[in-house]
Amino acid sequence: MHPPDACLPPLRIAASYLRGGTSKGVFFCLDDLPAAARQPGPVRDALLRRVLGSPDPYGQQIDGMGGATSSTSKAVILAPASRPDHDVDYLFAQIGVDSGLVDWSGNCGNLSAAVGPFAIARGLLPPARVPRDGVCSVRIWQANIGKTIVAQVPMAGGQVQEAGDFELDGVAFAAAEIGLSFLDPAEGGAGAGGLFPTGRLVDELDVPGIGRLPATLINAGIPTVFVNARDVGCSGTERQADLNGDAQALARFEAIRAQGALKMGLIATLTEAAQRQHTPKIAFVAPPADYRAASGRQVRAADIDLLVRALSMGRLHHAMMGTAAVAIATAAAIAGTLVHAAAGGGARPTVRFGHPSGTLRVGAQAVQSATGDWQVREVRMSRSARVLMEGWVRVPAEVLGAGS
């Protein structure tokens, strides 16, 4: 006679906890997951929810590894490469804190910086591909959106080098720099076609209760809806405390995001937006201005090209999502977008933008074809990553039955 589920020992699953850029997440190798969770579906979703501690009606994820923000409620699954000329497959899950929604619709650009180091440490690359010293170039297949990311991971003495003097605003401590190249980042994700899904650089959204406002709807890195800060009653210098306690303001942004998702073809009806919280992102832009970052450091208008604030999972992000930075770089490089206008126009192969925690420099290689269509060959930025903990996560055994 089998004991009841409550008496079964908890599952013990090999995992690591890594910081990548300004995010943190629980990393797994596919083969280390329980057999029932190695395939997409409700069992895998239930397992990841329980690992992170969602859904949590208290919004704290106390009974899990999540950190109660969109930046820290994330999971990554790596597997040997399924595509030629790649080293590893990377699958990302964004887990809702209170809702428990598991959203597979996009990538996490910040955690992309940790994929290469984790893959090297777990032996997913052939030893001949990994230099003892120097830089290991890791070609990553981003399985959520079907795109290639190349990470330049520093090595020292046969190990990933984590220590360094690279400073990333939004991260307290310096670390080694990891270069990221997002190759041909447009057209990722189901339901969105082309860099500009509507075929226009600026659309007009008609949002109930708000009215009509211009928006740039772009799909590079991650589908993103850009609006002007002044059109939504903002300055572009906001910090988290200025918006995240304002339920009405957040509801307005969600209404705009939903209309943008509908216009981009990401959803068929507005009601579907609630089940697709990870994408599209919504961001607002403004010309440069002086402001004080979350760390207390003064950011000068003269040191940046524009201001950008972005929301993730319904809240203002404390810094900037890496995938949204790809969209920012791309839109800034293309004359006629709201982002390009906020940056002052002109040639913009690279931009430095201000976000709540400081600044970030990104560059895009965008070209226009003879037919007038735009293509993005590559977007570049620098991040850092670090292993915070490695070992096993433990979850109740009944979680494998909860998803069936």
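Residues numbered from 1 in each chain as written. Predicted model: local features only at pLDDT ≥ 70, side-chain atom pairs only at ≥ 80, totals over all residues. Heavy atoms only, no water.

Asks: Requested: an account of the pattern of salt bridges, with residues and values cited.
Replies: Following the criterion strictly, the structure yields 11 salt bridges and no others. Here Asp63 and Arg50 are joined by a salt bridge, their closest N and O atoms 3.2 Å apart. Of this pair, Asp63 sits in the loop between α1 (42-52) and β3 (74-80) while Arg50 sits in helix α1, and the two are 13 residues apart along the sequence. By relative accessible area, which is 54% here, Asp63 ends up exposed. What emerges from the salt-bridge pattern is a single network uniting Glu204, Asp206 and Arg212. (Salt bridge = Lys/Arg side-chain N within 4 Å of Asp/Glu carboxyl O. Helix = DSSP H or I, 4+ residues; strand = E, 2+ residues; numbered from the N terminus. Buried < 20%, exposed > 50% of the residue type's maximum accessible area, 1.4 Å probe, protein only.)

Asks: So, the packing of aromatic side chains: which residues are in play, and what are the values?
Replies: Summed over the entire model, instances satisfying the criterion amount to 2 aromatic pairs. Geometrically, the ring pair formed by Phe253 and Phe284 is stacked, given 5.3 Å between the ring centres and 20 degrees between the ring planes. Taken as a pair, Phe253 in helix α4 (residues 247-264) and Phe284 in strand β13 (residues 281-286) lie far apart in primary sequence, 31 residues in all. The pair Phe253 / Phe284 is uniform in exposure class, with both members buried. The ring of Trp392 has Arg12 sitting right over it, with the charged end atom 3.8 Å from the ring centre. (Phe/Tyr/Trp six-rings, centres within 6.5 Å; stacked < 30°, edge-to-face > 60°. Lys NZ or Arg CZ within 6 Å of the ring centre and 35° of its normal.)

Asks: Quick rundown of the environment of Leu311? Include the residues and the values.
Replies: Locating Leu311 in the fold gives a position in strand β16 (residues 306-312). When its relative accessible area of 5% is taken as the criterion, Leu311 is described as buried. In contact with Leu311, not counting residues within four places along its chain, are Leu250, Phe253, Lys281, Ile282, Phe284, Leu316, His317 and Met321. (Contact = heavy atoms within 4.5 Å.)

Asks: Kindly report on the state of the cysteines, identifying the contributing residues and their values.
Replies: The tally for this structure, following the rule as stated, stands at 0 disulfides. Distance from the sulfur of Cys108, which forms no disulfide, to the nearest cysteine sulfur (Cys29) is 18 Å. Given the relative accessible area of 4%, Cys108 is considered buried. Between Cys136, a cysteine without a disulfide, and Cys29, which holds the nearest cysteine sulfur, the sulfur-to-sulfur distance is 15 Å. A residue is classified by how much of its surface remains accessible, and Cys136, at 0% relative accessible area, is buried. (Disulfide = S-S within 2.5 Å.)

Asks: So what about empty space enclosed by the protein? Which residues, and what values?
Replies: Tallying each qualifying case throughout the model produces 3 cavities of 30 Å³ or more. In this structure, the largest cavity occupies an estimated 70 Å³ of space. What lines the largest cavity is a set of 14 residues, and nearest its centre among them are Lys74, Cys108, His278, Met321 and Thr323. A breakdown of the residues in the lining of the largest cavity according to their chemical character gives 2 nonpolar, 10 polar and 2 charged. Taken together, Thr22, Leu168, Asp169, Ala319, Met320, His355, Thr359, Leu360 and Arg383 form the lining of the second largest cavity. (1 Å grid on protein atoms, 1.4 Å probe; cavity = no way out; pocket = protein on both sides within 12 Å on 5 of 7 lines; lining within 4 Å. Points joined across faces, edges and corners; volume = space filled by probe spheres on them. Nonpolar A, V, L, I, M, F, W, Y, C, P; charged D, E, K, R; others polar.)

Asks: Provide a residue-level description of the layout of surface pockets, including the pertinent values.
Replies: Of the volumes computed, that of the largest pocket is approximately 660 Å³. Where the lining of the largest pocket is concerned, the elements lending two or more residues are β4 (88-95), α4, β13, β16 and β17 (315-316). The element best represented in the lining of the largest pocket is α4, accounting for 4 residues. Looking at the lining of the largest pocket residue by residue, the classes come out as 14 nonpolar, 16 polar and 5 charged.

Asks: Describe the side chain of Glu378, with residues and values.
Replies: Note on placement: Glu378 falls in strand β20 (residues 374-383). For the buried Glu378, no salt bridge exists, and the shortest N-O distance to an oppositely charged side chain is 4.2 Å, to Arg380. Looking at Glu378, its side chain comes within polar contact range of the side chain of Ser181, at 2.8 Å. (Lys, Arg positive; Asp, Glu negative; His and termini not counted. Polar contact = N/O pair within 3.5 Å; in protein donor to acceptor, adjacent residues only side chain to side chain.)

Asks: Account for the side chain of Ser382, with residues named and values stated.
Replies: Position of Ser382 among the secondary structure elements: in strand β20. Given the relative accessible area of 19%, Ser382 is considered buried. Polar contacts involving the side chain of Ser382 include one to the side chain of Glu177, which spans 2.5 Å. Contacts of Ser382, omitting those with residues within four sequence positions, involve Phe166, Leu168, Glu177, Ile178, Gly179 and Leu360.

Asks: Help me get a handle on the pairing of β16, residues and values and all.
Replies: With 7 of 7 residues buried, β16 is to be regarded as a mostly interior element. A two-sided burial pattern is seen for β16, the buried positions comprising Leu306, Val308, Ala310 and Ser312 on one face and Leu307, Arg309 and Leu311 on the other. Note that β13 and β16 share 5 bridges and pair antiparallel. Paired with Ala283 across the strands is Ala310, a residue of β16. Examined bridge by bridge, β16 and strand β18 (residues 350-355) share 2 bridges and lie parallel to one another. Its bridge partner lying in β18, Leu306 is registered against Phe353. Sheet analysis places β16 next to β17, joined by 2 bridges and oriented antiparallel. Considered in β17, the bridge of Leu311 is made with Leu316. (Pairing = 2+ DSSP bridges.)

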